[in-house]
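# Analysis of the macromolecular model
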There are 2 protein chains.
Amino acid sequence: MQQSYSKRMPPRRPGPGGAKGWWRGRFKGCGYRFTVPRQVILDTLNRTSKHLSAEDIYLAVHRTCPNIGLTTVYRTLELLVQMGLVFKFDFGDGRARYELSRETHPRGHCYLVCINCRRVINADDFREKETERIKQIEETIAKRYNFRVRNQITQFYGLCGKCSQERTEDE
Amino acid sequence: MQQSYSKRMPPRRPGPGGAKGWWRGRFKGCGYRFTVPRQVILDTLNRTSKHLSAEDIYLAVHRTCPNIGLTTVYRTLELLVQMGLVFKFDFGDGRARYELSRETHPRGHCYLVCINCRRVINADDFREKETERIKQIEETIAKRYNFRVRNQITQFYGLCGKCSQERTEDE
DNA sequence: TTGATAATGAAAACCATTTTCACTAAGCAT
DNA sequence: ATGCTTAGTGAAAATGGTTTTCATTATCAA
Ligand SMILES: [Mn+2]
Ligand SMILES: [Mn+2]
Ligand SMILES: [Zn+2]
Ligand SMILES: [Zn+2]
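Rules of the game
Counting starts from 1 at the beginning of each chain's written sequence and moves along it residue by residue. As they are written, the chains are lettered A onward and the ligands numbered 1 onward, keeping that order. At least 70 in pLDDT is required for a residue's local features to be given in this predicted model, at least 80 for side-chain atom pairs to be given and counted, and no such filter applies to totals for whole chains, interfaces and linings, which use all residues. The side-chain quantities take in all heavy atoms of the structure and omit both hydrogens and water. By convention here, the domain bounds are inherited from an automatic or database domain assignment. A contact between two residues is defined here by any heavy atoms of the two lying within 4.5 Å. A simple way to read buried area is as the amount of 1.4 Å-probe accessible surface that goes missing from two parts once joined, with both sides added. Put simply, DSSP H or I for four residues or longer makes a helix, DSSP E for two residues or longer makes a strand, and each gets a number counted from the N terminus. Each nonpolar core is a collection of buried residues, namely Ala, Val, Leu, Ile, Met, Phe, Trp, Tyr and Cys, held together in the definition by side-chain atoms within 4.5 Å. Note on classification: 1.4 Å probe, protein chains only; a residue is buried when its accessible area is under 20% of the maximum for its type, exposed when over 50%, partly exposed between these limits. For Na, K and Ca the donor cutoff is 3.2 Å, while for all other metals N, O and S atoms must lie within 2.8 Å; water is not among the atoms, so some sites may look incomplete. Geometry is assigned from donor-metal-donor angles: four donors are tetrahedral when every angle falls between 85 and 135 degrees, four are square planar and six octahedral when opposite donors sit over 155 degrees apart with all other angles between 65 and 115, and any other arrangement is irregular. Only strands joined by at least two bridges in the DSSP assignment are considered to pair. Every helix has an expected span of 1.5 Å times one less than the residues it contains.

### Looking at the domain arrangement of chain A
Residue and element names in this part refer to chain A. Partitioning chain A into structural domains gives domain 1 (1-103) and domain 2 (105-171). In this complex, domain 1 contributes 12 residues to the contact, which on the side of domain 2 involves 14 residues. Buried area between domain 1 and domain 2, both sides added, is near 1000 Å², and the carbon and sulfur share of it is 53%. No other element matches strand β2 (residues 86-90), which puts three residues into the side of domain 1 that touches domain 2.

### Re the nonpolar core
Leu112, Phe147 and Phe156 of chain A together with Leu112, Ile141, Phe147 and Phe156 of chain B are the most contacted members of the largest nonpolar core, which totals 31 residues. Where this core is concerned, the elements lending two or more residues are β4 (108-114), α5 (128-145) and β6 (148-159) of chain A together with β4 (108-114), α5 (128-145) and β6 (148-159) of chain B. What Ile141 of chain B contacts, discounting residues up to four positions off in sequence, is Leu112, Ala123, Phe126, Glu130 and Phe156 of chain A.

### Looking at the coordination of the zinc ion (ligand 3)
Residues and elements named next belong to chain A. Within the protein, the zinc ion (ligand 3) binds to Cys114 (SG), Cys117 (SG), Cys160 (SG) and Cys163 (SG); these donor distances fall in the range 2.2 to 2.4 Å. The coordination sphere of the zinc ion (ligand 3) comprises four donor atoms, whose angles at the metal cover 106 to 113°; the geometry is tetrahedral. Each donor residue of the zinc ion (ligand 3) belongs to the same chain, with the gaps between them written as C-x2-C-x42-C-x2-C. Here Cys117 is found in the loop between β4 and β5 (120-122), whereas its partner Cys163 is found in helix α6 (residues 161-165), with 46 residues between them in sequence.

### Some thoughts on the pairing of strand β3 (residues 96-100) of chain B
All names here are of chain B. Summarising burial for β3: five of the five residues are buried, a large majority. What you see with β3 is no split at all: Ala96, Tyr98 and Leu100 on one side and Arg97 and Glu99 on the other are buried throughout. Across five bridges, the pairing between strand β2 (residues 86-90) and β3 is antiparallel. In the strand pairing of β3, Asp90 is matched with Ala96. Between β2 and β3, which pair antiparallel in sequence order, lie five residues; one of them, Gly92, sits at a positive phi of approximately 80°.

### Describing α5 of chain A
For α5 of chain A, built from 18 residues, the straight-helix expectation of 26 Å at 1.5 Å per residue is met to within 8% by its first-to-last C-alpha distance of 26 Å. Structurally, α5 of chain A contributes buried residues whose contacts are with β6 of chain A together with β4, α5 and β6 of chain B. Note on α5 of chain A: the residue one or two positions beyond its end, Asn146 of chain A, has a positive phi of about 50°.

### Concerning the coordination of the manganese ion (ligand 1)
Residue and element names in this part refer to chain A. Within the protein, the atoms that donate to the manganese ion (ligand 1) are Glu99 (OE), His109 (ND1), Tyr111 (OH) and Asp124 (OD), at distances of 2.0 to 2.8 Å. Between the donor residues of the manganese ion (ligand 1), the gaps in sequence give the motif E-x9-H-x1-Y-x12-D. Linking Glu99 in strand β3 (residues 96-100) with His109 in strand β4, this pair joins segments that are 10 residues apart in sequence. For the residue pair Glu99 and His109, the accessibility class agrees, reading buried in each case.

Here you go:
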């Protein structure tokens, strides 16, 4: 389970089961300890593509490690965000959401938030064209404001399919 | 100050000093009373282009109307958001921000958030090209997910000019 | 194996926001 | 104008996600 880890950092290609080794390296590289809670929390985030809240993660983790406290979940998530391994979002429902940073969309995120039922649709699946367009906006804005973009979120607020049907009387 | 208000709603062209009359009409049209706290809070939002927090608004309002409580500020803001007169944002600093909905950018917002100093730069000043690009993304996504977009926010997280200078040692 | 100390967890604190409830005032009917 | 009805208000308390505190534990370099 615990594979050897060489000095140079593998270029973010974890391989089957090797994600843990890569993570360990990142932690050591930053001078942090790779503890059991941190492993389990990363595993939980790695196992889903959903945007989990701290409590979601706490409950999932609690099934296998009932001794891990909510405090540690919050602290670990804060650390992971600061290390750039995890993205933190806010959809306006009063709790933060967390998502593992993946190669597939390294820094572009898109969400549809229904203002009626509060449902959040993950619309990260940008095609070629959308990716290109958002990248061009990013470059323009970054140059205009002398800003170095690390991560980008686009949120569309409106009515989901189900809720817009139920409101056919409005305008 | 208080101008006559005809049945049909003026097409969102307040005119000098007539914003209040238009607001009153919106409130009456929804069956709400146009109270002093509501007027003052709208005035405060109308007087700035900044993204104010509830407390910001409370303090600004408090100077002229010390009797208006923070509770009312929250309640009024919630109502204004629900009426579509005000937009609510979250930049991840633990407090919501509010901004009056204006004709200039009726439903597109863009912010740059510095992950180091937490500064928020209002980058709403989209040129022709950016507006066009974000609109095309919106249309594509809306169709793909059968979603009726009401409002849209693009946030770029990264380092502002000042903070990226101070970090020339990194990568 | 051992020691230094980073990390943990339970409980308390924090703090933005919401709820409660007695009171006030907007605006319609008189 | 005056009074009535009730939507709206504000002080205080409650809520709930997140952070802090502090005594205890576990990681890992030596
Ligand atoms: Mn995403
Ligand atoms: Mn804006
Ligand atoms: Zn919905
Ligand atoms: Zn900065």
